[in-house]
Amino acid sequence: MTRAGRPGEPAPFLWSGSALGSATGLPPRCYVSPEIFALEREHILLHNWFFVARTEELSQPGDYRAIETVGGPVLLTRDETDGLHAFANTCRHRGCLLLEGSGNRRSVVCPYHAWTYRLDGRLRAAPGMQAVPGFALEAHGLLPVRMAVWEGCIFLNFDDAAPDLAAHLGDYPELLGSHRFGDMICTWRDEIEVACNWKLLLENAMESYHTGFVHAATVGAQTSVTFPTRGEWHAIQVQSRTSIAMLETSGVPPFPPIAGLSAQARQGAFFTVIEPMTQFACAQDSMWWLAVRPVAVDRTVLSLGGCFPRETVALPDFATRAQAYYDRWRRVAEEDVGILEKQQRGLRSCKFRPGPLSSRDDVVHAMNDWIRARLPIEL
Ligand code: FES
Ligand SMILES: [Fe+2]
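Heads up: these notes are all about the structure in this document. What you see is a predicted model, and the numbers here were worked out from it, not measured in a lab. All residue numbers here refer to positions counted from 1 along the written sequence of the relevant chain. Written order decides the labels, with chains lettered from A and ligands numbered from 1. Local features in a predicted model are, by the rule used here, given only for residues with pLDDT of at least 70; side-chain atom pairs are given and counted only at 80 or more, and totals for whole chains, interfaces and linings are based on all residues. For side-chain calculations, the full set of non-hydrogen atoms in the structure is used, while hydrogens and water are omitted.

**Looking at the side chain of Ser33**
For Ser33, the position within the fold is in the loop between helix H1 (29–32) and helix H2 (34–43). Among the residues examined, Ser33 registers a relative accessible area of 11% and is labelled buried. Think of it this way: any DSSP run of H or I at least four residues long counts as a helix, any run of E at least two long counts as a strand, and we number them from the N terminus. The rule is simple: take the accessible area with a 1.4 Å probe, protein chains only, and divide by the maximum for that residue type; under 20% is buried, over 50% is exposed, in between is partly exposed.

**Topic: the nonpolar core**
Here, the term nonpolar core denotes a set of buried Ala, Val, Leu, Ile, Met, Phe, Trp, Tyr and Cys residues that are joined through side-chain atoms within 4.5 Å. Among the nonpolar cores identified, the biggest contains 65 residues, and Leu76, Leu156, Phe271 and Leu302 are the most heavily contacted of them. The biggest single contributor to this core is helix H8 (residues 318–346), with nine residues. What makes two residues a contact is simply this: any of their non-hydrogen atoms within 4.5 Å. Apart from the residues within four sequence positions on either side, Leu156 is in contact with Asn48, Trp49, Phe50, Val52, Ile67, Thr69, Val74, Leu76, Ala86, Val145, Arg146 and Met147. Ala265, Phe270, Ile274 and Trp289 belong to the second largest nonpolar core, which has 29 residues in total.

**Digging into the coordination of the iron ion (ligand 2)**
Because water is not among the atoms used, a metal site may look incomplete, as its donors are only the N, O and S atoms within 2.8 Å, or 3.2 Å for Na, K and Ca. With distances of 2.1 to 2.6 Å, the protein atoms coordinating the iron ion (ligand 2) are His210 (NE2), His215 (NE2), Asp336 (OD) and Asp336 (OD). Because the angles between the four donor atoms bound to the iron ion (ligand 2) fall within 55 to 147 degrees, the donor set is best described as irregular. Sequence spacing of the donors to the iron ion (ligand 2): H-x4-H-x120-D. Of this pair, His210 sits in the loop between helix H5 (198–205) and helix H6 (211–214) while Asp336 sits in helix H8, placing them 126 residues apart in sequence. Exposure class is identical for His210 and Asp336. Each is buried. Only four donors with every angle between 85 and 135 degrees are called tetrahedral; only four or six donors with opposite donors over 155 degrees apart and all others between 65 and 115 are called square planar or octahedral, in that order; all others are irregular.

**Here's the deal with the pattern of salt bridges**
By definition here, a salt bridge exists when the distance from a side-chain nitrogen of Lys or Arg to a carboxyl oxygen of Asp or Glu is within 4 Å. Counted under the stated rule, the structure contains 13 salt bridges. For Lys199, the salt bridge identified is with Glu40, shortest N-O distance 2.7 Å. In this pair, Lys199 sits in helix H5 while Glu40 sits in helix H2, placing the two residues 159 residues apart along the sequence. Of the residues examined, Lys199 reaches a relative accessible area of 4% and is grouped as buried. Here Arg180 ties to Asp183 by a salt bridge, and the two come within 2.7 Å at their closest N and O atoms. Asp183 gets classed as partly exposed once you look at its relative accessible area, which sits at 33%. The network of salt bridges with common partners includes Glu57, Arg65 and Arg189.

In structure tokens form, the structure reads like this:
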């Protein structure tokens, strides 16, 4: 969805669709109905790009990482010639999960009947299959999942016919380009299981209205501006001349700012949602992701990860100082999760009808409209 406004010019809020004053959130069944969750999976989640990992997490030939996704288990591999691959993590014989976790290996051996695959997905051996007429190793390689890499960020899409990642990202690289994600290194990962609908996590990320209340003990009240965008993404910027990726109260000085940040990027931290499941937050010294993995209508896994510029990671006291960032990212995420689990419970009331949205819910409204436009039912 394109968000209207002067190109590149942020505003306190950007409103589109039904008018402020009459606009409400999505009906509660969008957050509690398994049938609507199934429609979202079928019409949205399996047809759009989503972030799963960083390329430096698979830096060596033989590196692999097994991940769960909304489309089932996926295996990322780095082959002997440095090629990066994404496959369905399922054996071509009778569907056994092939690998778990992450590590380094020379081949992928199915734990069930030992069919053995190369890291580029080709089937190398299938013991005992000689007697099967017409069986050919070449016909049973691992099933690829569509993958694209932008600035070190690995995205997947289960739809081979969907527009490419560049089209999906639109002008995202223009606003976020000076952060140079491609020169960053992931140094931290975490995961939180959340008892709420996946959309609540994303809506929450894109409004600063709640921050003075939910985050009173950490980041406190914030103000933000909204950016017009072209492509399938949204952006706000929380205004702060110093990094909000760590808490001032930690007593640790923040890391130096990223070299070459744009004038706009120096004004604060961008909070962005790349529809439908990816959040990248970018302060002046770091970026962290909050990627959602919908599991059921009221269950979501939130994947967190943190990245810093190469020069920052090389600082002698990096590991100690970085703890203040990891602590802030986890604590603030837990505060959000706490309120969202309450929101999920409240949304179950048979009496609830969506109330009026605030001007500070402008991106929530845009995200709700993005969903409305893609489901085959009237909401
Ligand atoms: S299921 Fe993998 S070898 Fe049989
Ligand atoms: Fe929050």
